[in-house]
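# Residue-level structural notes
Each chain is listed here by its residues.
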Amino acid sequence: MEKAAHRRSTRHRSARRRIAGLVGALGALLALMLAAAGPAAAHATLESTDPKQNSVVAAAPQAVTLTFSEEVSLSGDSVRVLDPAGKAVDAGNPAHADGRGNTARVGLNSGLANGTYTVAWRAVSADSHPVGGAFTFSIGAPSDTSVSATALQGADADGLVAALYGTGRTVAYGAFALLAGVAAFVLICWPGGTARRPVQRLLMTGWTALLVSTVAVLMLRGPYERGSGIGQAFDLSLVRATLDERIGTALAARLLLLAAGGVFLSLLVGQLGQPPRPLPAQDAEVPAEVPAEEDAEAAELRELERRAAERPQREARLGLGVAGSVLAIALSATWVGADHASVGIQVALALPFGMLHLIAMALWLGGLAALLVALREGVGAEVVDRFSKIAFGAVAVLVVTGVYQSWRGLGSWGALTGTDYGRLLLVKTGCVVAMLGVAWTSRSWLARLRSAPDEAAEVRPVEAERAELPEPVAVAAHAEDPARQAQLARQRAARESAGRERGLTPTRAGLRRSVLVEALVAVAVLAVTTMLTNSPPGRVAGEVKAAGAAAPAAGAGSAGGAPQTEPGRTVELKLPYDTKGRTPNAKGTATVSLNPARTGSNEVKLALDGADGQPVEVPEVQLAFTLPDRDLGPLPVALTAAGTGRWTGTTQLPLAGTWVVSVQIRSSDIDQTTPTQQFRIG
């Protein structure tokens, strides 16, 4: 007896040491990841170029240098320079100028002729999103150019690669929710569930799906960034380049954490899945008359023995809970450290809020999947009630962190309906509200379950009932003739059917259906969340691009179409604007004058007038031209102030076609808009 107790004690100490080692390793890895996730700016934007945009230089430069608002990752064709005939004149393999991560420099061939040259660039910003654009400069004097649209690089990935990449990210979110949510459910609500095969299958499904999706995203990242086809997914040089980026580091860390997660799952099932330690057997014969003092001492002794028997299980749950929490935080950091939360304003606050948001999502959504299995297995009402309280706390955390992330990502009320990010956020909010409505229905079913004691009790699994059959009965079952064995088989089938019926009473079945609907809506929430992480948060550049793409269709459907300019004469384009702010400069008209309104160099004048027709000053204004059908632009204009509400500049419009002029106007710190209008050159 003492040897057995010693073996059990040794086994528990060994398990505690393994759990402590796992916690230490996860904590060290998490600290390294958070230390590497430094602050950065928002989506990368092009701040300056050398030669300057739309400039005319006397002699051919030796290189083209681009400076961005934040660090960018470059590939071998991130910067392309094309001559007026569309021929590449760059030396290839752009690099960071003087080792500065926010720059890109590419050398030029010698002996370049006079004319207008187009620079097309594509890079990956610090928040892992591809960005791209184009601009022109001239050598000697401006000239016409016939740059091929296929030679210019935009920021769009290959359609199949983008679809597979988005699917992989969605599966990764769902797998994380399943893995973390189910593990938390069995640790907090249903420790005995780890011994059930369906629960073990859920845990392994989450772990395997997260592993496969992470590898898939790692392999697809290179083609996704460069806009190449699916065949480049197995290019090891692209995989190696991805590993050098922030998102590649996060994916590699996630794979290491999944290795630790495999150890955690083996400990979870091995420790909590063991049957409880039996209490010492009581004496068969008890004296008829026992003094009250001795009876109290015996009761106290039995209570101490019960606590001693349960102590290893409590310690295992505590250690596994700490290890699981560290693992969940570290896994969530692999998303947050390489996404929107790692760039922009208030990074120090956005990172922990982002991790809390992901973990709360996993507790709620993954717990729903575990609850579905638990209800099928016949858990008692106390397990469902315990999860209901956890889900309520998770929803509260989701609301607080979600409101903060929405404010941080949108920046203004207008972005809520004027950008893809804002519209996706509205869709996600609607899905979450629908989930809360279904959850309210689930709580009403839970109240009914608690009010019915017969249904609220846990339904014991058939295997446990079968194990309690007396051994002689089992032996007799094998010793009987075939007819008797068939009769016993029918009895066992009836007993199993009765067990299933007890587990799915009308109230339990209603609760399970409600939870199932809640889980299905959760799948939609995960899909929208993936789309949100792939969308620039309230970016005006995305709004301009969408407006430019829609401009030709809008013009074709109208009576007059895009206004036709007459070469050699000044054309005025009036763009009403409204930033939805409360300042006097929040509403008015932007007038863009273009002269001589033809291909090549044009003089540009911009005037901002308020609603009363008087010139108004604004904190920031930007002017750009886009040629959507040739994937050219936006081509920003360097503006020079010429009085209150007046600016001048020059621009190169290298090709004929339907152009889109966009004016980004910011009337206050948070209120801005970008009116657009199309016009035709040539």
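Definitions and limits used
Residues numbered from 1 in each chain as written. Predicted model: local features only at pLDDT ≥ 70, side-chain atom pairs only at ≥ 80, totals over all residues. Heavy atoms only, no water. Helix = DSSP H or I, 4+ residues; strand = E, 2+ residues; numbered from the N terminus. Contact = heavy atoms within 4.5 Å. Areas by Shrake-Rupley, 256 points an atom, 1.4 Å probe, with all protein chains shown as cover. Patch = residues over 30% accessible without salt bridge, like charges linked within 9 Å, V, L, I, M, F, W, Y side chains within 5 Å. Salt bridge = Lys/Arg side-chain N within 4 Å of Asp/Glu carboxyl O. Pairing = 2+ DSSP bridges. Axes fitted to C-alpha atoms, helices over the stretch in contact; angles between N-to-C directions. Parallel < 35°, antiparallel > 145°, perpendicular 65-115°, else oblique. Left-handed = near helix turned anticlockwise from the far one by under 90°. pLDDT = per-residue confidence, 0-100. Core = buried A, V, L, I, M, F, W, Y, C linked by side-chain atoms within 4.5 Å. Buried < 20%, exposed > 50% of the residue type's maximum accessible area, 1.4 Å probe, protein only. Phe/Tyr/Trp six-rings, centres within 6.5 Å; stacked < 30°, edge-to-face > 60°. Polar contact = N/O pair within 3.5 Å; in protein donor to acceptor, adjacent residues only side chain to side chain. Arc of directions from axis to C-beta.

### Notes on the overall build of the protein chain
Within the protein chain, the secondary structure is distributed over 16 helices and 18 strands. Of the contacts formed within the protein chain by residues at least 6 apart in sequence, a portion of 72% connects residues at least 24 apart. Taken as a whole, the protein chain presents about 32500 Å² of accessible surface, with 59% of it coming from carbon and sulfur.

### A look at a nonpolar patch on the surface
Judged by side-chain polarity, Leu160, Leu164 and Ile230 come together as a nonpolar surface patch covering roughly 240 Å² of accessible area. Its location among the elements puts Leu164 in helix H2 (residues 159-188).

### Describing the sheet that holds strand S1 (residues 46-50)
What the 3 strands build is an open sheet, ordered S1-S3-S6; its pairing is antiparallel. A strand with exactly one partner marks an edge of an open sheet, and here the two such strands are S1 and strand S6 (103-107). Neighbouring strand axes in the sheet, compared pairwise and without regard to direction, differ in orientation by 15° on average. In the sheet, S1 pairs with strand S3 (residues 63-68) via 4 bridges, with the strands oriented antiparallel. The partner of Ser48 across the bridge, within S3, is Thr67.

### Observations regarding the packing of helix H10 (residues 420-451) against helix H15 (residues 506-533)
Relative placement of two packed helices is described by the angle separating their axes and the distance separating the axes. It is the contact of H10 with H15, at a shortest axis distance of 9 Å, that shows an interaxial angle of 165°. Viewed along their axes, H10 and H15 adopt a mutual orientation that is roughly antiparallel. Here H10 runs over H15; the crossing is left-handed.

### Here we look at the confidence of the model for the protein chain
Of all residues in the protein chain, 73% have pLDDT values of 70 or greater, and the mean over the chain is 76. Looking over the protein chain, one finds the lowest element-wise mean pLDDT in helix H16 (residues 540-557), namely 40, and the highest in strand S10 (residues 587-595), namely 92. This model gives residues 25-42 a pLDDT under 50, and the stretch forms 38 contacts once residues within four places in sequence are excluded. This model gives residues 539-562 a pLDDT under 50, and the stretch forms 27 contacts once residues within four places in sequence are excluded.

### Some words on the nonpolar core
The biggest cluster of nonpolar side chains holds 72 residues, and the ones touching the most others in it are Phe185, Leu210, Phe264, Leu268, Trp364 and Leu365. Per-element accounting of this core gives the leading share, 17 residues, to helix H7 (residues 347-376). One finds Val79, Leu627, Leu653 and Val661 within the second-largest nonpolar core, a separate group that totals 49 residues.

### Overview of unusual backbone geometry
For the peptide bond that leads from Asp50 to Pro51, omega is 5°, which places it in the cis range. Residue Pro596 follows Asn595 across a cis peptide bond; omega there is 15°. Mapped onto the elements, Pro596 comes out in the loop between S10 and strand S11 (600-610). Of note in the backbone geometry, Ala597 takes a positive phi value of approximately 60° without being a glycine.

### Some words on the pattern of salt bridges
Within the structure shown, the criterion is met by 6 salt bridges. Note that Glu377 is salt-bridged to Arg196, the shortest N-O span being 3.0 Å. Of this pair, Glu377 sits in the loop between H7 and helix H8 (381-410) while Arg196 sits in the loop between H2 and helix H3 (197-226), and the two are 181 residues apart along the sequence.

### A few points about the sheet that holds strand S14 (residues 640-641)
Reading across from one edge, S9-S10-S11-S15-S14 is the order of the 5 strands in this open sheet, with antiparallel pairing throughout. Each edge of the sheet is formed by a strand with only one pairing partner; in this case those strands are strand S9 (571-578) and S14. As paired elements, S9 and S10 share 8 bridges and run antiparallel to each other. Each residue of the ladder has a partner; that of Lys574, found in S10, is Thr591.

### A word on the environment of Thr599
Mapped onto the elements, Thr599 comes out in the loop between S10 and S11. Thr599 gets classed as partly exposed once you look at its relative accessible area, which sits at 27%. Taking C-alpha positions, Thr599 is 8.9 Å from Thr145, a pair spaced 454 residues apart along the chain. Those residues in contact with Thr599, other than ones at most four positions away along the chain, are Asp144, Leu653, Pro654, Leu655, Ala656 and Ile681.

### Quick look at the packing of aromatic side chains
For the structure on display, the rule yields 8 aromatic pairs. Their ring planes at 55° and their centres at 5.2 Å tell us that Phe176 and Trp335 sit as a pair that is tilted. With a gap of 159 residues between them, Phe176 in helix H2 and Trp335 in helix H6 (residues 292-336) connect regions that are remote in the sequence. Judged by its relative accessible area of 0%, Phe176 falls in the buried class. Ring plane angle 85° and centroid distance 5.9 Å describe the contact between Phe625 and Phe679, whose orientation is recorded as edge-to-face.

### Let's talk about the pairing of strand S12 (residues 620-627)
Most of S12 is tucked away: 6 of the 8 residues are buried. With 7 bridges joining them, S12 and strand S16 (residues 657-666) adopt antiparallel strand pairing. Counterpart to Val621 in the pairing with S16 is Ile665. Of the pairings in the sheet, the one linking S12 to strand S13 (residues 632-637) comprises 4 bridges and is antiparallel in character. Bridge pairing in S13 links Leu627 to Leu632.

### Some details on the side chain of Asn585
Note on placement: Asn585 falls in the loop between S9 and S10. At 2.5 Å, the side chain of Asn585 forms a polar contact with the side chain of Thr583. If near-sequence neighbours (up to four positions away) are discounted, Asn585 is found in contact with Tyr577, Val616, Glu617, Val618, Pro619 and Ser667.

### A word on helix H4 (residues 236-243)
What H4 keeps buried is the set Leu238, Val239 and Thr242. Projected down its long axis, H4 shows its buried positions confined to an angular sector of 100°, all on one face. Exposed residues pointing more than 90 degrees away from the buried face of H4 are listed as Leu236 and Arg240. Packed against the buried residues of H4 are H3 and helix H5 (246-272).

### So, the pairing of strand S7 (residues 115-125)
Counting buried residues in S7 gives 11 out of 11 residues, a clear majority hidden from the surface. In this sheet, S7 lies alongside strand S4 (residues 72-73) in antiparallel orientation, the contact comprising 2 bridges. Residue Val72 lies in a different strand from S7, and its bridge partner there is Ser125. For strand S5 (residues 79-82) and S7, the ladder comprises 4 bridges, and the chain directions are antiparallel. Paired with Val79 across the strands is Trp121, a residue of S7. Relative to strand S8 (residues 130-139), S7 runs antiparallel, the two sharing 10 bridges. Bridge assignment links Val124 to a residue of S8, and that residue is Pro130.

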